[in-house]
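# Coordinate analysis (summary)
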Protein chains: 2
Amino acid sequence: MKKLKRSSRLVEMTQYLLARPHTLISLTAFADRYQSAKSSISEDLAIIKEVFEEEGIGELHTLAGAAGGVKYMPMMRESLALEIMKEICKKLEQPDRVLPGGYLYMTDMLGQPDLLADVGRMFATAFADRKIDVIMTVETKGIPLAYATAACLNIPVVIVRRDNKVTEGSAVSINYVSGSTKRIQTMSLARRALKEQSRVLIIDDFMKAGGTIQGMMDLLYEFKATVAGVGVFVESGEVEMEERLLEDYISLAKLTAVDMKTKQTTIIPGNYFTS
Amino acid sequence: MKKLKRSSRLVEMTQYLLARPHTLISLTAFADRYQSAKSSISEDLAIIKEVFEEEGIGELHTLAGAAGGVKYMPMMRESLALEIMKEICKKLEQPDRVLPGGYLYMTDMLGQPDLLADVGRMFATAFADRKIDVIMTVETKGIPLAYATAACLNIPVVIVRRDNKVTEGSAVSINYVSGSTKRIQTMSLARRALKEQSRVLIIDDFMKAGGTIQGMMDLLYEFKATVAGVGVFVESGEVEMEERLLEDYISLAKLTAVDMKTKQTTIIPGNYFTS
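Quick caveat: nothing in here was measured; it's all calculated off a predicted structure. (Residues numbered from 1 in each chain as written. Chains lettered and ligands numbered in written order. Predicted model: local features only at pLDDT ≥ 70, side-chain atom pairs only at ≥ 80, totals over all residues. Heavy atoms only, no water.)

Another aspect to go through is the domain arrangement of chain A. All names here are of chain A. Domain assignment breaks chain A into domain 1 (6-74) and domain 2 (78-273). Of note, the centres of domain 1 and domain 2, computed from C-alpha atoms alone, are 33 Å apart. Across the boundary between the two partners, domain 1 contributes 7 residues, which contact 8 residues of domain 2. For the pair domain 1 and domain 2, the two sides together bury roughly 530 Å², of which 47% comes from carbon and sulfur. When the buried surface of domain 1 facing domain 2 is broken down by residue, Pro21, His22 and Pro74 rank first, second and third, together holding 72% of it. (Domains from an automatic or database assignment. Contact = heavy atoms within 4.5 Å. Buried area = accessible area lost by both parts, 1.4 Å probe.)

Pasting the structure below:
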């Protein structure tokens, strides 16, 4: 690219970094790209780092040495996350969202790109220090949350199917019992979709007793993969402790009470904000 | 926020705009946010606009007058899009991707956030001048493409289910005949998922004769909604012209030949690049 003025270079470097989260970019690559001295590039990066961290939109990690460079990690400051989450909880409490079985209608909200970007950034912040190779979810409603998180962490997504109509070569299927409804269900994943020994972050939209997530964990066992973390958008607190199949997870919101008669629910920020 | 130096303000404005595509931000809002004169803000925006357009990453539309402001529209220059698409076509031609029925295994590629970001930007560029209220896709593989496009255009996504197990209140179901396999299938959408008169962009991963997309169009008719455009990632050219149900669509790649014996395919950039 042509040599830029300082002000233009700052704009260009900012967009370049934002478009490449969790990617190490060497100082040499920047110096070549902008035909500038590494010392100027370092000064620019210091300005960008300060703004990103001041605004709480992410961290700029600098690695010194020959293999050194800079890596942008999208984050959201907890105070802003909590503020946004309280707004989301208020929307989730709208009475016409209560569905039979104590589920919540939230498909419309999971269709909104700005909400998804915020939630993806919250999960990326919550799991920033874990070593993760891939994000797993089960169709259908967890999919946008998984992708929004993957975009921040720059890792791929695999989607577990709820049937065994996998047309993608050999597949592993398991039967699992949904913890709350006690019904036997099937989930499948194509053999080629996941490498052995992968470290997997499980993301889903809603958790009651945790049967679906336990099913995904059983599936991971079949692939000799390990669970690097579990993140759910909304957990239902309407579950007896002894029914809960899962202890170690992060929730962004918690449904604490449902009155099926009045269709009134109480939804509060989840354990990510309280633990 | 605290008053920033010029260089920091440029970084902050760049990230602020990039995080809010297709959103009108008034000069007054910027002037308040940065405690700066509108004239300084305008100068900064001129620099950002020049860099964005020089790099082909998007347009910055400025609207003059009292209701004026600036709007960032993510784009991808056609020459860069073609270069990226040729790389994608090469990957799609790997012989182990041919599935029974002449379908292509591309689930792994549709799990990659960087590929999705590129493809979403291509669709956003292709449909930039259309008036679109919502993006529609059918589960499962089209979903990430729909969200990647929605993120660029800042509009919501609705997902059509392939069964009628919609637990979200009353739903509209239609039967459709998949044009290539001639099998009768069902698709459904919850009544509350789509407002009447919506202008809808249909996005899907793969199109043979177009039966699935024709099904979505029939469903839109039931909602008194209209089709604002159709975008498919890969179209199959292995369809007789008289079998093709659909004429007006944009494809990013085209499967022109499959040899089931050698598992060799030929995939070229789609009609977006040639028409």
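What follows covers the state of the cysteines. All names here are of chain A. Applying the stated criterion to the full structure yields 0 disulfides over all chains. Looking at cysteine 89, it has no disulfide partner, and the nearest cysteine sulfur is the one in cysteine 152, 20 Å off. Residue class for cysteine 89 comes out buried when judged on its relative accessible area of 3%. (Disulfide = S-S within 2.5 Å. Buried < 20%, exposed > 50% of the residue type's maximum accessible area, 1.4 Å probe, protein only.)

Residues and elements named next belong to chain A. For the pair helix α4 (residues 78-92) and helix α5 (residues 113-126), the least separation of the axes is 11 Å and the interaxial angle reads 130°. Between α4 and α5, the angle is such that the two are oblique. In terms of crossing hand, the pair formed by α4 and α5 is left-handed. For the pair formed by α4 and α5, the contact residues are Ala81, Ile84, Met85 and Ile88 on the first element and Leu115, Asp118, Val119 and Met122 on the second. Taken together, the residues that form the contact of α4 with α5 break down as 7 nonpolar, no polar and 1 charged. (Axes fitted to C-alpha atoms, helices over the stretch in contact; angles between N-to-C directions. Helix = DSSP H or I, 4+ residues; strand = E, 2+ residues; numbered from the N terminus. Parallel < 35°, antiparallel > 145°, perpendicular 65-115°, else oblique. Left-handed = near helix turned anticlockwise from the far one by under 90°. Nonpolar A, V, L, I, M, F, W, Y, C, P; charged D, E, K, R; others polar.)

Here we take up the relation of the copies chain B and chain A. If you rotate chain B by 180° and push it 0.0 Å along the axis, it lands on chain A with an RMSD of 0.0 Å. Within this description, the copies of the chain are treated as partners about a two-fold rotation axis. Considering only C-alpha atoms, the residue of chain B closest to the rotation axis is valine 11 of chain B, which sits at 2.9 Å. Mapped onto chain A, 100% of the interface residues of chain B again fall at the interface, so both copies present the same surface. (Least-squares fit on C-alpha atoms with pLDDT ≥ 70 in both.)

Before going further, it helps to spend a moment on the environment of phenylalanine 223 of chain A. Residue and element names in this part refer to chain A. Its place among the elements puts phenylalanine 223 in the loop between α7 (211-222) and β10 (226-236). Taking the C-alpha atoms as reference, phenylalanine 223 lies 10 Å from arginine 192; in sequence the two are 31 residues apart. Once residues within four sequence positions are removed from consideration, phenylalanine 223 is found in contact with Val172, Leu189, Ala190, Arg191, Leu194, Lys195, Glu196 and Gln197.

Turning to the side chain of serine 188 of chain A, a few remarks are in order. Considering the arrangement of structural elements, one finds serine 188 of chain A in strand β8 (residues 184-190). Of note is the side chain of serine 188 of chain A, whose polar atom sits 2.9 Å from the side chain of serine 173 of chain A. (Polar contact = N/O pair within 3.5 Å; in protein donor to acceptor, adjacent residues only side chain to side chain.)

What follows is about the packing of α5 of chain A against helix α6 (residues 143-153) of chain A. Two quantities define a packed helix pair, namely the angle between the axes and the distance from one axis to the other. Residues and elements named next belong to chain A. Running from amino to carboxyl end, α5 crosses α6 at an angle of 60°, the nearest separation of the two axes being 8 Å. Classified by the interaxial angle, the pair formed by α5 and α6 is oblique. Remark: the crossing between α5 and α6 carries right-handed chirality. Two secondary-structure elements touch here, α5 through Leu116, Val119, Gly120, Arg121, Phe123 and Ala124 and α6 through Pro144, Leu145, Ala148, Thr149, Cys152 and Leu153. Among the residues making up the contact of α5 with α6, the classes are represented as 9 nonpolar, 2 polar and 1 charged.

Here we take up the sheet that holds strand β5 (residues 134-138) of chain B. Residues and elements named next belong to chain B. One open sheet accounts for 6 strands, arranged β6-β5-β9-β10-β11-β12; its pairing is mixed. Pairing within the sheet leaves two strands with one partner each, and these edge strands are β6 (157-160) and β12 (264-269). Looking at each pair of strands side by side, their axes are set apart by 25° on average, direction ignored. Here β5 runs beside strand β9 (residues 199-207); their pairing, made up of 3 bridges, is parallel. Paired with valine 134 across the bridge in β9 is valine 200. (Pairing = 2+ DSSP bridges.)

Our focus in this paragraph is the sheet that holds strand β6 (residues 157-160) of chain A. Residue and element names in this part refer to chain A. Strand order in the open sheet formed by 6 strands is β6-β5-β9-β10-β11-β12, with mixed pairing between adjacent strands. Looking at which strands have only one partner, the edges of the open sheet turn out to be β6 and β12 (264-269). Pairs of neighbouring strands in the sheet enclose a mean axial angle of 25°, with direction left out of account. Bridge count for strand β9 (residues 199-207) against β10 is 8 bridges, and the pairing is parallel.

With that settled, consider the pattern of salt bridges. Proximity of charged atoms lets side chains of opposite charge pair with each other. If you walk through the whole model with that rule in mind, you get 19 salt bridges over all chains. In this structure, the salt-bridge partner of arginine 33 of chain B is glutamate 55 of chain A, at a minimum N-O distance of 3.1 Å. Taken together, the residues span two chains, with arginine 33 of chain B in helix α2 (residues 27-34) and glutamate 55 of chain A in helix α3 (residues 38-55). On the accessibility criterion, arginine 33 of chain B (23% relative accessible area) is partly exposed. A network of salt bridges, in which partner residues are shared, links Arg6, Arg9 and Asp44 of chain A. (Salt bridge = Lys/Arg side-chain N within 4 Å of Asp/Glu carboxyl O.)

Okay, the interface of chain B and chain A next. Facing the 47 residues of chain B at the interface are 47 residues of chain A. A combined buried area of about 3700 Å² lies between chain B and chain A, and 62% of that area is made up of carbon and sulfur atoms. Taken together, the links from chain B to chain A amount to 2 salt bridges. Between chain B and chain A we count 10 residue pairs in polar contact (both at pLDDT 80 or more) in total. When residues of the side of chain B that touches chain A are traced back to their parent elements, those giving at least two are α1 (6-18), α3 (38-55), α5 (113-126), α6 (143-153) and β6 of chain B. Considering every element that reaches the side of chain B that touches chain A, the biggest residue donor is α1 of chain B, with 8 residues. Looking at side-chain class alone, the side of chain B that touches chain A contains 24 nonpolar, 10 polar and 13 charged residues.

The sites that carry the UniProt feature "domain: Bacterial purine repressor N-terminal" (unreviewed entry) are, in the present numbering, residues 5-74 of chain A. Secondary structure content for residues 5-74 of chain A is 56% helix and 17% strand, and the end C-alpha separation is 27 Å. (UniProt positions renumbered as here; feature names shortened; annotations may be inferred.)

Moving on to unusual backbone geometry. All names here are of chain A. The step from glutamate 139 to threonine 140 runs through a cis peptide bond, and the omega angle for that step is 5°. Looking at where threonine 140 falls in the secondary structure, it is placed in the loop between β5 (134-138) and α6. Although it is not a glycine, histidine 22 sits at a positive phi angle of roughly 50°. Position of histidine 22 relative to the elements: it lies in the loop between α1 (6-18) and α2 (27-34).

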